[in-house]
Amino acid sequence: MLKQVRIKKVVEENYRIKNFVLDEKIESIPGQFAMLWLPRLNERPMCIVNSDPLTFTVAKIGPFTEAVHRLKEGDPIWYRGPYGHGFEIKGKNVLLVGGGYGVAAMFDLARSATKKGLKPTLIIAAKTKKDIIYEYKLKKAKIKTMVATEDGSAGSESLATNAAEELIKSNTFDCIYSAGPEKMMVALGEIADKYKIPAQFSTERFMKCGGLLLCGHCEINGVLVCKDGPVFDWKTLKNLPDFGRYHRNQAAQKIPI
Ligand SMILES: Cc1cc2nc3c(=O)[nH]c(=O)nc-3n(C[C@H](O)[C@H](O)[C@H](O)COP(=O)(O)OP(=O)(O)OC[C@H]3O[C@@H](n4cnc5c(N)ncnc54)[C@H](O)[C@@H]3O)c2cc1C
Ligand code: FES
């Protein structure tokens, strides 16, 4: 059931990503998603990056997200949710790796982990300095953070996976969590296997019915991202041949990643 709420605050994170803080609070766990709806544009899945106040971190990539980016404080927006299976917080020392807007989901998870007495270390993975988001929030929340940029314009000049492996060599982590590009998560999964560390990753597929189990559009080799995911154990994902290789477009055609 869609619910109409007002936008309380809009925060520009970088040239293509904004936070939308809504005048609403819900019960959810990190990694779950909601469907956002706008008149004439249908609806799209977005990760819940804070439940109180309900917040979404949206990257502008196409018609729906461009329309969301045009919204101002006080404007109405509609949502339904939460949906899906979120992260299971395990262990004591945990490594979190966020790429793109996935950093927002990792921040939410890091905050929950800290509240439960865990010690999270978060890697912000970005192409360049201008792609970094949430660094100021992590600093304020006193979460141990490392920045890795591909061109070295901020933090260390390295891929997230190299940065993660360096940290793993000198620390003991009980679990690895990630949200970001699928190829990055596949590479992280291989590192997790090498060091025998369990891992959980947040996945994305185009969603038509978004959690209503009517369309099957979000299927990856027999699992439904909207119901069984979006968060899966790496041991499940590594047995799905399409993970990291193909997604489906709006016409359900398989497209190489
Ligand atoms: C569970 C889940 C959580 C998500 N969380 C966030 C979030 O927190 N913030 C955010 O900015 N975005 C998130 N997304 C992605 C977001 O739903 C898409 O960016 C959005 O649907 C794009 O709509 P659009 O009309 O702007 O662009 P479109 O025109 O629909 O898409 C532009 C391009 O992106 C591709 N695309 C669209 N959606 C997906 C997808 N799900 N997977 C792979 N390719 C896709 C299209 O095929 C097209 O090539 C999430 C997706 C899922 C499934
Ligand atoms: S989006 Fe329709 S079944 Fe998952």
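Note that the structure is a prediction, hence the values are computed from the model and not measured. (Residues numbered from 1 in each chain as written. Chains lettered and ligands numbered in written order. Predicted model: local features only at pLDDT ≥ 70, side-chain atom pairs only at ≥ 80, totals over all residues. Heavy atoms only, no water.)

K.L.:
Quick question: what am I supposed to make of the site of ligand 1 here?
P.N.:
Taken together, the neighbourhood of ligand 1 is formed by 21 residues, with Arg44, Pro45, Thr57, Ala59 and Thr65 sitting nearest. Contact between ligand 1 and Ala59: an oxygen atom at 2.7 Å from a main-chain N or O atom of the residue. Interatomic distance of 2.5 Å between a side-chain N/O atom of Thr65 and an oxygen atom of ligand 1. Protein burial of ligand 1: of its 880 Å² of free accessible surface, 82% is covered by the chains. Broken down by secondary-structure element, the contributors of at least two residues to the shell around ligand 1 are strand S4 (42–47), strand S6 (54–59) and helix H1 (63–70). Broken down by element, the residue count for the shell around ligand 1 peaks at four residues, all from S4. (Near = heavy atom within 4 Å. Polar contact = N/O pair within 3.5 Å; in protein donor to acceptor, adjacent residues only side chain to side chain. Areas by Shrake-Rupley, 256 points an atom, 1.4 Å probe, with all protein chains shown as cover. Helix = DSSP H or I, 4+ residues; strand = E, 2+ residues; numbered from the N terminus.)

K.L.:
Honestly, the domain arrangement of the protein in this entry has me stumped. Any pointers?
P.N.:
When the parts come together, some accessible area is lost, and that loss is often what is quoted as the size of the interface. Its domain assignment divides the protein into domain 1 (3–83), domain 2 (87–202) and domain 3 (203–257). Once you take the C-alpha centre of each, domain 1 and domain 2 turn out to be 23 Å apart. With 15 residues of domain 1 at the contact, the number on the domain 2 side is 16 residues. Taking both partners together, domain 1 and domain 2 bury about 1,300 Å²; carbon and sulfur atoms supply 52% of that area. Interface area lost by domain 1 to domain 2 is led by Glu13, Pro30 and Val49, which between them contribute 41%. Inspection of the domain 1/domain 2 interface yields zero salt bridges. The interface formed by domain 1 and domain 2 includes eight residue pairs in polar contact (both at pLDDT 80 or more). (Domains from an automatic or database assignment. Contact = heavy atoms within 4.5 Å. Buried area = accessible area lost by both parts, 1.4 Å probe. Salt bridge = Lys/Arg side-chain N within 4 Å of Asp/Glu carboxyl O.)

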